[in-house]
Amino acid sequence: MAASRTTRIAPLLGAALLTSVLLKSHGAVAQQQDPSLNIQFHGFTDSRSVTVLSPAADLDQDFTDRTSLRMRFGLDAVSAASDSCIRCHPQGANNQRKYVNASVIRKYGDTSLSMGGEFSQESFYQATTGLTSVSRTFNKANTTVAGGYSFSWNRPNLHPSDFNESQIAQNTFVALTQTLTRWTTAQVDYEFSGVTGYQSNPFLRANVDGLLIVGVVPEKRLRRSVTLRVRQALPGNTYLDADYRRYKDDWDLTANTYSLGLSHNFPQWLFSGTFRRHQQTGAYFYAPSYTGSPTYFTADFRLFPFTSNLYTARAVYVPNGQLFGILPTGAGLTFQYEFYDATTGFQAATFSTGFKVPLKRR
Amino acid sequence: MRRLTIALALGLGVVSVAGCATVEPWQRDRLANPAMQFDPDGGFAAFRAHWQEAREGASGGAGLQGGGCGCK
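First, a word on scope: everything that follows refers to the structure included in this document. None of the values given here were measured: they were computed from a predicted structure.

**Remarks on the overall build of chain A**
Thinking step 1. For chain A, the helix and strand inventory stands at 2 helices and 20 strands.
Thinking step 2. Counting only residues that meet the buried cut, chain A has 39% of its 362 residues in that class.
Thinking step 3. For chain A, the proportion of contacts with a sequence separation of at least 24, taken over those separated by at least 6, is 56%.

Here's what the structure looks like:
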């Protein structure tokens, strides 16, 4: 079955990549950035003793005054892997994820077009994505309208067997960004995505009549979300950011996510603090345990009802002159700490640091 | 779905009505501050989106789901 799906999917994937004219990345419209090199290092640890070390590099470089290239390469090194691995590997099991993405962005007057793709590979999962998006500014750049589409072909491996399953995810979005006043800007974003194919988690087992069995979930899922975001400048070099996201899908999982943050500019420094709260219901087939012969059953904690809080502290340092006496004016350092706490008992902390070096415009 | 549509319509309405005001380029000094950007640092946001997607069923949606046992 996987082979026939692959045969059908390959031409679609190729077509999506070839016809892509725009890029969308994790909900953000790709826009031409100032040319720069960003080197980052992220560290993650959680209450299960899983640690992830993740170096990454971003390059934004323009070829001409209208065309630029954006590339990103990263690695996640996972150690002391999670309880689902410990079941069979008492000494722990390491994993790695490598990913690379690239996009070309071209400007035609007030319109930006981009095309790109991403490839991600880890021990038991592979994802290939083509991304397109377009954005146009109006009204002296006070209004930006954007839209985009992405197509992903994901291949989970049903470890410990060698069998690969297949999953197709398609995502579309439209976004409107509007400058409201000299101190206020807002954005509204609508996303719709459809996922077909294997969507269970081969590493988590549900309790069915006392037996632990890999879950079975529907092979189709339609997801929708609306996000409203506001940025407000306050007196005294202080800034407020507020976001709200409403999510719903046809597995009856609904979620409300709020975030509120404050930033303050000191000479050469920007300090920020953000609080995010996420509340979600469970999927309609979720239950702590199952009896009889349920059509669908799951032990995937992502489909449980829960609430989580995320606290973020961030500092950005951009000296007036050279950084470390070597890097050019405009180079800066970023430090970020996050703490995540969910009612499922899961906790995680991340520390990230990175530096950004501006590159010369052509 | 109806609520989503209403929320979207309200959001678009508010933004559109308020959008009649034009801010000139020389009036945008506060708007240009990095704290006013919606995605000031994509790399940090991408890392957060990846691990959140491994924990929250309502996160993500852009199709780049990770799935190895390390995340589970």
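**Looking at the pairing of strand β9 (residues 143-156) of chain A**
All names here are of chain A.
Thinking step 1. With 10 of its 14 residues buried, β9 lies for the most part within the structure.
Thinking step 2. Sheet analysis places strand β8 (residues 125-138) next to β9, joined by 14 bridges and oriented antiparallel. Following the sheet pairing, Thr129 is matched in β9 by Ser152.
Thinking step 3. Taking the residues between adjacent antiparallel strands as the criterion, β8 and β9 are bridged by 4 residues, where Asn139 takes a positive phi near 55°.
Thinking step 4. Bridge count between β9 and strand β10 (residues 167-181): 12 bridges; the pairing is antiparallel. In the strand pairing of β10, Ala146 is matched with Ala175.

**Quick look at the environment of Phe275 of chain A**
All names here are of chain A.
Thinking step 1. Relative to the helices and strands, Phe275 resides in strand β17 (residues 269-280).
Thinking step 2. Here Phe275 falls in the partly exposed class, since 13 other C-beta atoms lie within 10 Å of it.
Thinking step 3. A C-alpha to C-alpha distance of 30 Å links Phe275 and Pro288, two positions 13 residues apart in sequence.
Thinking step 4. Among all residues touching Phe275, those that are not within four sequence positions of it are Ser259, Leu260 and Tyr311.

Reading guide: rules and limits
Residues numbered from 1 in each chain as written. Chains lettered and ligands numbered in written order. Predicted model: local features only at pLDDT ≥ 70, side-chain atom pairs only at ≥ 80, totals over all residues. Helix = DSSP H or I, 4+ residues; strand = E, 2+ residues; numbered from the N terminus. Buried ≥ 20, exposed ≤ 12 C-beta atoms within 10 Å, placed from the backbone. Contact = placed C-beta atoms within 7 Å. Pairing = 2+ DSSP bridges.

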